[in-house]
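Structural characterization, general
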Amino acid sequence: ETGVTQTPRHLVMGMTNKKSLKCEQHLGHNAMYWYKQSAKKPLELMFVYSLEERVENNSVPSRFSPECPNSSHLFLHLHTLQPEDSALYLCASSQERRQGKRTNEKLFFGSGTQLSVL
Amino acid sequence: EDQVTQSPEALRLQEGESSSLNCSYTVSGLRGLFWYRQDPGKGPEFLFTLYSAGEEKEKERLKATLTKKESFLHITAPKPEDSATYLCAVHQTTDSWGKLQFGAGTQVVVTP
């Protein structure tokens, strides 16, 4: 148990479907992230939320829509995806330091949702 | 173009055979360099953060070092449980908070 829980673990969807990925962190952190991990490629940052406010949108297509209702929960809403969107989607959390050097010391990752788009 | 490159892509070791993984980076300014370990079917697990050239961190059989251009992850006398993909990431001073740039990883297999 890493303290970051993602559901579902696996998801298969058609290109016309609408689905949502869920992430919950039990660590009391104030920042949450969505990353995409494709086979043999580096992790790509998609979205960052700090104190429920989106502070980063890394040029992600609009068919991905994040939602952060509170500091413990993060969703990724999916609609009209393409086969190339098939990947492992990872949620992470961290504690942002408000004083001194601002850097995310440790990211705590969930186990991810393996998404297949048919 | 700023980038993070890890080598080798894959490494096969006999138990007890020490080796090193490389992470070279070209960034405009380094705020921090991170090492993570990822097991199959799981998310990455934090190992170390390094902030400045000359810094070293150790944890059990792993030791991370940092220069101005690269970082090494040394694995001393590895055991089969050290088998995993090791990821390197950098946080640049010019990047907004929370934006890490990851390398593609080195997949390590340690055989008994």
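Scroll up to find the structure.
Below is a short write-up of the structure. Every chain begins its residue count from 1, and numbering advances along the sequence as written. Note on labels: chains are lettered from A, ligands numbered from 1, in written order. Predicted model: local features are reported for residues with pLDDT of at least 70 only, side-chain atom pairs are reported and counted for 80 or more only, and whole-chain, interface and lining totals are derived from all residues. As a convention, hydrogens and water are excluded, and side-chain values are obtained from all of the structure's heavy atoms.

1. Quick word on the overall build of chain A
Worth spelling out the cut-off: Helix and strand definitions here come from DSSP, where helices need a minimum of 4 consecutive H or I residues and strands a minimum of 2 consecutive E residues; each element is numbered from the N-terminal end. Only protein chains enter the accessibility calculation, which uses a 1.4 Å probe; a residue whose area is less than 20% of its type maximum is buried, one above 50% is exposed, and one in between is partly exposed. Contacts between residues were defined by any pair of non-hydrogen atoms, one from each residue, lying within 4.5 Å.
Regarding its fold elements, chain A presents zero helices and 11 strands. Mapped in sequence order, the helices and strands of chain A form the string β-β-β-β-β-β-β-β-β-β-β. A total of 118 residues make up chain A; the buried ones form 45% of that total. Long-range pairs, those at least 24 residues apart, make up 56% of the contacts in chain A between residues at least 6 apart in sequence.

2. Quick word on the sheet that holds strand β7 (residues 64-70) of chain A
Residues and elements named next belong to chain A. The criterion, for reference: Strands pair, by our definition, only if DSSP identifies at least two bridges between them. Axis lines are fitted to C-alpha atoms, over the contacting stretch for helices. Their N-to-C directions set the angle, which ranges from 0 to 180 degrees.
Spatial ordering of the open sheet is given by β1-β3-β8-β7, a layout of four strands whose pairing is antiparallel. The open sheet has two edge strands with one neighbour each: β1 (4-7) and β7. Mean inter-strand twist for the sheet, computed between neighbouring axes without regard to direction, equals 20°. Pairing between strand β3 (residues 18-25) and strand β8 (residues 73-79): seven bridges, direction antiparallel. The residue of β8 that forms the bridge with Cys23 is Leu74.

3. As for the layout of surface pockets
Under the convention used in this document: Both site types are read off a 1 Å grid over the protein atoms alone. A 1.4 Å probe that fits but cannot get out defines a cavity, while an open set with protein on both sides within 12 Å along at least five of seven lines defines a pocket; lining residues have an atom within 4 Å of a point. Grid points are joined across faces, edges and corners, and a volume is the space filled by probe spheres set on the points. Side-chain classes follow a simple rule in which Ala, Val, Leu, Ile, Met, Phe, Trp, Tyr, Cys and Pro form the nonpolar group, Asp, Glu, Lys and Arg form the charged group, and the remainder, Gly included, forms the polar group.
The volume enclosed by the largest pocket comes to roughly 740 Å³. Lining the largest pocket are 32 residues; nearest its centre among them are Gln37 and Lys40 of chain A together with Gln38, Thr85 and Ala104 of chain B. Elements that contribute at least two residues to the lining of the largest pocket include exactly β9 (84-92) and β11 (106-111) of chain B. If you tally residues by element for the lining of the largest pocket, the top one is β11 of chain B, at four residues. Split by residue class, the lining of the largest pocket holds 11 nonpolar, 15 polar and six charged.

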